[in-house]
Amino acid sequence: MSTTTIPRLELCGALLLSELVEEIKAELSTINVQFSLAEIVLWTDSTVVLGWIQSAVQLKSFVANRITQILDNTERTMWRHVPTSNALVDQNHMWWNGPSWLLDTDELWQVRLLPEEDLPEVRPIKLVLVATNVDTGFILNRCSKWLKLIYVTAYMRRFIFNCRKNDNNQHLCHTISLTIPELNESKLWWLRRAQAQDFNSEIKSLQKEKCVGPRSCLKSLNPYLDDDNLIRVGGRLTYAPISERRKCPIVLSSKNSIVKMLFHHEHIHLLHIGPQGFLARTYSKDILAHQR
């Protein structure tokens, strides 16, 4: 059998007092005695019990249940602290007059509260960090056009960035219009998502600085990861008189829903150009559509 601590016994005494108050209030109401709750003052010489009553911390079951019952019967503002030296019942004058400071205004009455960190019987709070994959489906379901997808993503990324930088206001993005770097980064983010959906195993191999598997559809393209963590085509165009990005275009699967949205946008932008012209245009934008 566990030993009952002194603060728990004092808590039971406070609960008994709150129940006594309820009984007295009921009896007074039967004889039509009018009184205000603000006139009721309850005293305890236990700073621990007073701290439990006044605080809002999570307490263990034994204490929490009794505090709930006490607050059902009384208000927090009713409870005050009386020093143990002034609460001794064997002092006869205390029965008739009470402590001398009781005649002062209530603003001068002693107040002693334990800091919440010093209270016993506090239920420990366990923090659990759960890592989950980002579900982008809800964004795709609400954005059927490529430009809208990029703009919505850019605003979301700006919001996250500002939340993380709330301790240093000079670095916050306050402009209404999105900047070109923000839009470009949103585009790259979705291209990375598309590649992760279609070439996940290849990305893992390349991140470990290994070659892609022998059965990979990208093996003949000599792929590598660029600085943006995107898969690009390697090859023998090092000395070709074209830009570096055109020498090594980004690899995308034409069957991916994100890529289809991008291609649909480009197709409309190019006024429904033919297949060869469309492929040439996408290649000029350093994108290589791979048929899987």
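What comes next concerns the included structure.

## Some words on the overall build of the protein chain
Part 1 of the argument: Counting secondary structure elements, the protein chain contains eleven helices and six strands.
Part 2 of the argument: By the burial criterion, 32% of the 292 residues in the protein chain qualify as buried.
Part 3 of the argument: For the protein chain, restricting intrachain contacts to residue pairs at least 6 apart in sequence, the fraction spanning at least 24 positions comes to 63%.
Part 4 of the argument: Only carbon and sulfur atoms are counted for the fraction: they give 56% of the accessible area of the protein chain, which is about 19,900 Å².

## Some details on the nonpolar core
Note that soluble globular proteins tend to have their nonpolar side chains buried in a common cluster.
Part 1 of the argument: If you look at the biggest cluster of nonpolar residues, it comprises 22 residues, and the most contacted ones within it are Trp146, Leu149, Trp190, Leu191, Leu252 and Leu262.
Part 2 of the argument: Val49, Trp52, Ile53 and Trp79 belong to the second-largest nonpolar core, a separate cluster that totals 18 residues.

## Quick look at the side chain of aspartate 198
Part 1 of the argument: Looking at the secondary structure, you find aspartate 198 in helix α7 (residues 180–198).
Part 2 of the argument: The buried category is assigned to aspartate 198, whose relative accessible area is 18%.
Part 3 of the argument: At 2.8 Å, the side chain of aspartate 198 and the side chain of asparagine 256 are in polar contact.

## Re a nonpolar patch on the surface
Part 1 of the argument: A cluster of nonpolar side chains, contributed by Ile31, Val33, Phe35 and Leu37, occupies part of the molecular surface with about 330 Å² of accessible area.
Part 2 of the argument: Judged by relative accessible area, which is 34%, valine 33 ranks as partly exposed.

## Points about the pattern of salt bridges
Part 1 of the argument: Scanning the model with the defined rule gives six salt bridges in all.
Part 2 of the argument: Among the salt bridges present, the one from arginine 8 reaches glutamate 121, with a minimum N-O distance of 2.9 Å. One end of the pair, arginine 8, is in helix α1 (residues 6–30); the other, glutamate 121, is in the loop between α4 (92–96) and α5 (137–142), and 113 residues separate them in sequence.
Part 3 of the argument: A relative accessible area of 16% places glutamate 121 in the buried class.
Part 4 of the argument: When salt bridges with common partners are traced through the structure, they connect Arg157, Glu185 and Arg192 into a single cluster.

## Let's talk about the side chain of serine 216
Part 1 of the argument: Along the chain, the position of serine 216 falls in the loop between α8 (200–207) and β3 (224–225).
Part 2 of the argument: Owing to a relative accessible area of 14%, serine 216 belongs among the buried residues under this scheme.
Part 3 of the argument: At a separation of 2.7 Å, a polar atom in the side chain of serine 216 contacts the side chain of glutamate 202.

## Quick look at the packing of helix α6 (residues 146–164) against helix α10 (residues 257–269)
Part 1 of the argument: Across the interface, α6 lies against α10 with an axial gap of 8 Å and an inter-helix angle of 120 degrees. Here Trp146, Leu147 and Leu149 of α6 lie close against α10, whose contacting residues are Ile258, Met261, Leu262 and His265.
Part 2 of the argument: Taken together, the residues of the contact of α6 with α10 sort by class into six nonpolar, one polar and no charged.

## Examining α10
Part 1 of the argument: When the terminal C-alpha atoms of α10 are compared, their 18 Å separation across 13 residues agrees well with the 18 Å that a helix rising 1.5 Å per residue should span.
Part 2 of the argument: Considered for burial, the residues of α10 that qualify are Ile258, Val259, Met261, Leu262, Phe263 and Glu266.
Part 3 of the argument: Within two residues after α10, leucine 271 carries a phi angle of roughly 60 degrees, on the positive side.

## Comments concerning the packing of aromatic side chains
Part 1 of the argument: For the structure on display, the rule yields one aromatic pair.
Part 2 of the argument: With 4.9 Å between their ring centres and 85 degrees between their planes, tryptophan 189 and tryptophan 190 make a pair best called edge-to-face.
Part 3 of the argument: Note on tryptophan 190: relative accessible area 0%, which makes it buried.
Part 4 of the argument: Above the ring of phenylalanine 62, the side-chain terminus of arginine 8 is found at 4.3 Å from the ring centroid.
Part 5 of the argument: Against the face of phenylalanine 62 rests arginine 66, its NZ or CZ located 3.7 Å from the ring centre.

## Observations regarding the packing of α6 against α7
Part 1 of the argument: Between α6 and α7, whose axes approach to 8 Å, the crossing angle comes to 105 degrees. The angle between α6 and α7 falls in the class roughly perpendicular. Packed against α6, whose contacting residues are Trp146, Leu149, Ile150, Tyr151, Thr153, Ala154, Arg157 and Arg158, the element α7 presents Glu182, Leu183, Glu185, Ser186, Lys187, Trp189 and Trp190 at the interface.
Part 2 of the argument: Among the residues forming the contact of α6 with α7, the class breakdown is eight nonpolar, two polar and five charged.

## Quick notes on the environment of alanine 194
Part 1 of the argument: Within the element layout of this structure, alanine 194 appears in helix α7.
Part 2 of the argument: Distance from alanine 194 to isoleucine 258, taken between C-alpha atoms, is 6.2 Å for residues 64 residues apart in sequence.
Part 3 of the argument: In this view, alanine 194 contacts Leu252, Asn256, Ile258 and Val259; residues no more than four positions away in its chain are not counted.

Criteria and cut-off values
- Residues numbered from 1 in each chain as written.
- Predicted model: local features only at pLDDT ≥ 70, side-chain atom pairs only at ≥ 80, totals over all residues.
- Heavy atoms only, no water.
- Helix = DSSP H or I, 4+ residues; strand = E, 2+ residues; numbered from the N terminus.
- Buried < 20%, exposed > 50% of the residue type's maximum accessible area, 1.4 Å probe, protein only.
- Contact = heavy atoms within 4.5 Å.
- Areas by Shrake-Rupley, 256 points an atom, 1.4 Å probe, with all protein chains shown as cover.
- Core = buried A, V, L, I, M, F, W, Y, C linked by side-chain atoms within 4.5 Å.
- Polar contact = N/O pair within 3.5 Å; in protein donor to acceptor, adjacent residues only side chain to side chain.
- Patch = residues over 30% accessible without salt bridge, like charges linked within 9 Å, V, L, I, M, F, W, Y side chains within 5 Å.
- Salt bridge = Lys/Arg side-chain N within 4 Å of Asp/Glu carboxyl O.
- Axes fitted to C-alpha atoms, helices over the stretch in contact; angles between N-to-C directions.
- Nonpolar A, V, L, I, M, F, W, Y, C, P; charged D, E, K, R; others polar.
- Expected span 1.5 Å × (residues − 1).
- Phe/Tyr/Trp six-rings, centres within 6.5 Å; stacked < 30°, edge-to-face > 60°.
- Lys NZ or Arg CZ within 6 Å of the ring centre and 35° of its normal.
- Parallel < 35°, antiparallel > 145°, perpendicular 65-115°, else oblique.

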